[in-house]
Amino acid sequence: MTLFLTFTVLGLVLGSVYAIAASGLVLTYNTSGIFNFAHGAQAMIGAFLYYQLQVVWGVPTLLSVLVLLLVVGPLMGFLLHRFIMGGLRDTAEVTKIVVTVAILLGFVSLSHWVWDPQEARMSKMFFGADSYVTVGGVVIRYHEIICLVAAAAIAVGLRLLFTRSRMGVLMRATVDDPDLLRLNGHDPERIAGLAWALGSTLAVLAGILITPVAGGALEANALTLLVIDAFAAALFGRLRSIPRTFVGAVVLGLASTYLVAYAPSEWTWITNLRDALPMIILFIVLLVLPQDRLRGAAVRTRERYEVPTVRRAAVWAGVMVLLTVAYRQLIDDSSVGTLLLGLSFAIVALSLTLLTGYAGELNLAPIAFGAIATIVAFHSGIDGEGLDARMSVVGLGLGVLAAALTGAVVALPALRLRGLYLALATLAFGGIVSSMVLRETQTRSWFGHEMALFPNGNLIVSPLAVGPLDLGDQDTFLYTVAAVFAVLGVGVVALRNSGYGRRLAAMKDSPAAAAMLGQRLVRLKLSVFMISTGIAGLGGIFMSMALTSVTSEHFVYTLSLSLVMLTVVGGIGYVSGALFGGLLAGGGFALIVGTFNELSIDHPVHAETFGILSHLFLVATALIGIGVGDNPSGNFHQIFHGQRRLARAPEARYAAVAVTAVLYALAYAEVIGTWTFTIVVLVLWMALPALATALRPHRMLTPEALAARRSAPPELVGIDEPYPPVLAEHLDRELGLPARHRALPVTVAVPAPTGPTRPAATPEEDTRHVPA
């Protein structure tokens, strides 16, 4: 009985911390309509700051907690809303999710910069682990009592806030109809900022409380994931009900502790199951949630994507393969692997273009499907031994098929729900794969066969061999992956231009209208998710073959989130956006950070400077997703717009091609380095529209734009030009307003490019408007 009570108390304490974290999540979602995936990262920052204050700097515990809860937490939430979240109105769900994911990654990179992850840090309980009371034979520490009391007080307080207070009603109104709120004399931005400050404070409080309860050292990724477990509790309340969220958190905490206490000792996988339990519960909750109502009106957002024709896509696909072959001649053998890895990631990112860009569905764990495909291909498709071992086509096909079938299972919530819920389902799937599948290193019986899913935590994936095509040769492998990406890119564009693609677009814009026109949404969602996850599985197998040896670290959830974020930054509705995201996530980060490390070794005097630049690059790159709020269509949308304008001045393109050819020849002759060639060419083509506009304005600009350059129209004077007093006199006279300065001569010529200019009035005419 004592054992039961002990684990019950532990479960209640863990559930209470989950409840605090989940309450903050529900609060921000209710008041802004944004599901904050960075909530766990905010809790992580709070936990590290508490350690810094209380342990490193020796600040008293109470003062440290007050500083964090009264200053750091509210300030963090207010700044997030003021500079980031407030600009996300009228954007698609994927844009809102990606911005919060960017903040999550930025906070994780920042914590690795400030607090060395190689150093172990232990957070202490309030009043110490030796301060406790005994009730019925059960030891309850003061820290645990504080957790229980704080969770209960927050649950009651938030319930009263939302149901009994005027501020709670105003907070909910900020997301329902901010314009109506503004008409009634309230400031919705100030109210939303207050809600974000409160939600951020709850995240910081959860971060302070949870580390001593969960045990272990402070670690950024683990602590972020630990609070993400609270997502399941928030889903219990459907992101709206605080009491049901509280109940869900308690159930989650009790289930975790009872599983450890009463599971048979021979179940060696029980630890993995315990780690994955919140994600499993999250997935189950998504399955049993009621049917989501279809919206009756089309969703109007600021995202705009232009789909090319199949012929144009085929031309650019050929150009891309040729550029890959040409670029290979400039890089050494050690850099080919990095480019190969980037192209493999680009194939994975291409699955997001189809699923999210065209169909409007979300997948936050594309790399996890690559892990499933890799495991199946490894166990079913390796022929030979040692260096002669090769992957077979059958193994490759089975791996892709396994990823597609797994995608169909994961998409089950999507058949009834959409948007955010599917994103959470895929995130839960990624957590289950990381916590259970990739940790299955022991040999077990699977359908009558003895094997280990992930033997020794390391898979040796041999290259593919099909007839004369042997990917064991690195150059052949590189050109093959480039060709596969090009073919898949053309195929995705062809799919979008087909009737199937138009049905996907209709489902994305208005599911209700699509269903009314007879479209079978269930079949559409299921099919597009299977195709998408199959592509992700193919990219994952190529990635594993490029690395040769893969561990669970190659399929971590942060890698999936980085890939999704960078693809959205590039333009998730474009094949080129997938190429951008894949190259940067797969090889760009490692290449640039490795370059900084090499510079540090070569120049030890400036090692500290290069180290700072390396960390700064990681934080800045993670935070570029925040800019998606201002440019939700992605960077390539703007690039394509600028490049299309060059059709009016083809000589600019010819000149740029000539300069590029000269630079390539210099790089090939090793007169300039590859890095120099790459950076100069990228800057040249990015800046080419602006250069052409500056040098050839009469060709690049429309007649209206040229006229606007010459003189501003009257209605823009004072905005684009100074507003002189003589002009004010002229406008007063034209509008029949009383003259203010009779002594001023009113013979000024006002810029008025359109329409005939009225003659300036004489002083006699002006006196007619002067009141008696």
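Everything numeric here is computed off the predicted structure, so don't read it as measured data.

(A) Summary view of the overall build of the protein chain. Looking only at helices and strands, the protein chain features 32 helices and 10 strands. For the protein chain, the proportion of its 772 residues judged to be buried stands at 49%. Taking all contacts inside the protein chain whose residues are at least 6 apart in sequence as the whole, residues at least 24 apart take part in 76%. Here the protein chain has roughly 35600 Å² of accessible surface; of this, 65% comes from carbon and sulfur atoms.

(B) Seen up close, the pattern of salt bridges. Applying the stated criterion across every chain, the model contains four salt bridges. Note that Asp 475 is salt-bridged to Arg 328, the shortest N-O span being 2.7 Å. A residue pair is termed long-range when its members are at least 10 positions apart, and Asp 475 in helix α19 (residues 474-497) and Arg 328 in helix α13 (residues 310-328) qualify at 147 residues. Asp 475 gets classed as partly exposed once you look at its relative accessible area, which sits at 24%. By relative accessible area, which is 9% here, Arg 328 ends up buried. If you follow the salt bridges from partner to partner, you end up with Arg 328, Asp 333 and Asp 475 in one network.

(C) Quick peek at the nonpolar core. Ranked by size, the top nonpolar core spans 191 residues in total, and within it Ile 20, Phe 35, Phe 37, Leu 235 and Met 545 carry the most contacts. With 15 residues, the top contributor of residues to this core is helix α14 (residues 333-358). Those residues in contact with Phe 35 that lie beyond four places of it in its chain are Leu 25, Tyr 29, Thr 100, Phe 231, Leu 239, Leu 420 and Leu 424.

(D) Looking closely at the side chain of Asn 36. Of note, Asn 36 is situated in the loop between α1 (2-32) and α2 (39-56). Apart from the residues within four sequence positions on either side, Asn 36 is in contact with Leu 25, Thr 28, Gln 42, Thr 100, Trp 196 and Phe 231.

(E) The arrangement of the environment of Ala 346 in detail. Summarising the element assignment, Ala 346 is placed in helix α14. For the pair Ala 346 and Phe 485, spaced 139 residues apart in the sequence, the C-alpha separation amounts to 7.4 Å. Aside from chain neighbours lying at most four places away, what touches Ala 346 is Phe 485, Ala 578, Leu 579 and Gly 582.

(F) Fine view of the packing of aromatic side chains. Scanning the entire structure with this criterion turns up 12 aromatic pairs. Seen from their ring centres, Tyr 29 and Phe 35 are 6.4 Å apart, and the 70 degrees between their planes marks the pair as edge-to-face. Look at Tyr 29 and you get buried, because its relative accessible area is 17%. The buried category is assigned to Phe 35, whose relative accessible area is 2%. Each ring, one from Phe 35 and one from Phe 37, has its centre 5.0 Å from the other, and the planes form 65 degrees; the classification is edge-to-face. As far as burial versus exposure is concerned, Phe 35 and Phe 37 are alike and both buried. The lysine or arginine in question, Arg 82, covers the ring of Phe 83, its NZ or CZ lying 5.4 Å from the ring centre.

(G) Examining the packing of helix α15 (residues 366-381) against helix α22 (residues 521-547) more closely. Between α15 and α22, whose axes approach to 7 Å, the crossing angle comes to 65 degrees. The angle between the axes of α15 and α22 places the two elements in the roughly perpendicular class. Handedness of the crossing formed by α15 with α22: right-handed. Counted together, Pro 366, Phe 369, Gly 370, Ala 373, Thr 374 and Ala 377 of α15 and Phe 529, Thr 533, Ala 536, Gly 537, Gly 540, Ile 541 and Ser 544 of α22 form the full contact between these two elements. Broken down by class, the residue content of the contact of α15 with α22 amounts to seven nonpolar, six polar and no charged.

(H) Molecular detail of helix α4 (residues 93-114). If you check α4, its first and last C-alpha atoms are 32 Å apart, about what 22 residues at 1.5 Å a residue would give, namely 32 Å. Extensive coverage of α4 is indicated by the burial of 17 of its 22 residues.

(I) Structural view of the packing of α2 against α4. Where α2 contacts α4, the axes come no closer than 8 Å and their chain directions differ by 25 degrees. By the angle between their axes, α2 is roughly parallel relative to α4. As α2 runs across α4, the sense of the crossing is left-handed. The segment α2 lies against α4, with Ala 41, Gln 42, Met 44 and Ile 45 engaging Leu 104, Phe 107, Val 108 and Ser 111. Split by residue class, the contact of α2 with α4 holds six nonpolar, two polar and no charged.

(J) Fine view of the environment of Leu 613. Considering the arrangement of structural elements, one finds Leu 613 in helix α25 (residues 607-623). Considering only alpha carbons, one finds Leu 613 and Val 593, 20 residues apart in sequence, at a separation of 9.0 Å.

(K) Examining the pairing of strand β1 (residues 132-135) more closely. For β1 and strand β2 (residues 138-141), the ladder comprises four bridges, and the chain directions are antiparallel. Pairing of Val 135 across the sheet is with Val 138, part of β2. Between the antiparallel neighbours β1 and β2 lie two residues, among them Gly 136 with a positive phi of about 60 degrees.

(L) Fine view of unusual backbone geometry. Even without being glycine, Thr 548 reaches a positive phi, approximately 70 degrees. Turning to its location among the elements, Thr 548 is positioned in the loop between α22 and β10 (549-550). When its relative accessible area of 41% is taken as the criterion, Thr 548 is described as partly exposed. The phi angle at Glu 670 is positive, at roughly 65 degrees, despite the residue not being glycine. Secondary-structure assignment places Glu 670 in the loop between α27 (650-668) and α28 (674-695).

(M) Structural view of a nonpolar patch on the surface. Taken together, Leu 62, Leu 63, Leu 66, Val 67, Leu 70 and Val 71 make up a surface patch of nonpolar side chains, about 550 Å² in accessible area. Position of Leu 70 among the secondary structure elements: in helix α3 (residues 61-83). Taking the relative accessible area as the measure of exposure, Leu 70 reaches 62% and is therefore exposed.

Cut-offs and rules
Each chain carries its own residue numbering, running from 1 in the direction its sequence is written. Two thresholds apply to this predicted model, a pLDDT of at least 70 for residue-level local features and 80 or more for giving and counting side-chain atom pairs, whereas whole-chain, interface and lining totals are computed over all residues. Computation of side-chain values covers all heavy atoms of the structure but excludes hydrogens and water. Counting from the N terminus, the helices are the DSSP runs of H or I reaching at least four residues and the strands are the DSSP runs of E reaching at least two. Three exposure classes are used, based on accessible area relative to the maximum for each residue type with a 1.4 Å probe and protein chains only: buried under 20%, partly exposed in between, and exposed over 50%. Contact definition: two residues touch when any of their heavy atoms are within 4.5 Å. Every accessible area reported is derived by Shrake-Rupley at a probe size of 1.4 Å, with residue values counting cover from the shown protein chains alone. We count a salt bridge whenever a side-chain nitrogen from Lys or Arg sits within 4 Å of a carboxyl oxygen from Asp or Glu. As used in this record, nonpolar core signifies buried Ala, Val, Leu, Ile, Met, Phe, Trp, Tyr and Cys residues forming a set joined through side-chain atoms within 4.5 Å. Working definition: rings of Phe, Tyr and Trp (its six-membered ring) pair if their centres are within 6.5 Å, and the pair is stacked with planes under 30 degrees apart, edge-to-face with planes over 60 apart, and tilted otherwise. Charges are assigned to positions over rings by a cutoff of 6 Å between ring centre and Lys NZ or Arg CZ, combined with an angular limit of 35 degrees from the ring normal. Axes, fitted as lines to C-alpha atoms, cover a helix only where it is in contact. Angles between the N-to-C directions of the axes lie from 0 to 180 degrees. Convention used here: angles under 35 degrees read as roughly parallel, angles over 145 as roughly antiparallel, angles from 65 to 115 as roughly perpendicular, and any remaining angle as oblique. Here a crossing is called left-handed whenever its near helix is offset anticlockwise from the far helix by less than a right angle, and right-handed whenever the offset is clockwise. Gly counts as polar in this scheme, as do all residues outside two lists: the nonpolar Ala, Val, Leu, Ile, Met, Phe, Trp, Tyr, Cys and Pro, and the charged Asp, Glu, Lys and Arg. What a helix is expected to span follows from its residue count: subtract one and scale by 1.5 Å. Here, any two strands with at least 2 DSSP bridges between them count as paired. Each patch groups residues whose relative accessible area exceeds 30% and which form no salt bridge, using 9 Å between like charges and 5 Å between nonpolar side chains of Val, Leu, Ile, Met, Phe, Trp and Tyr.

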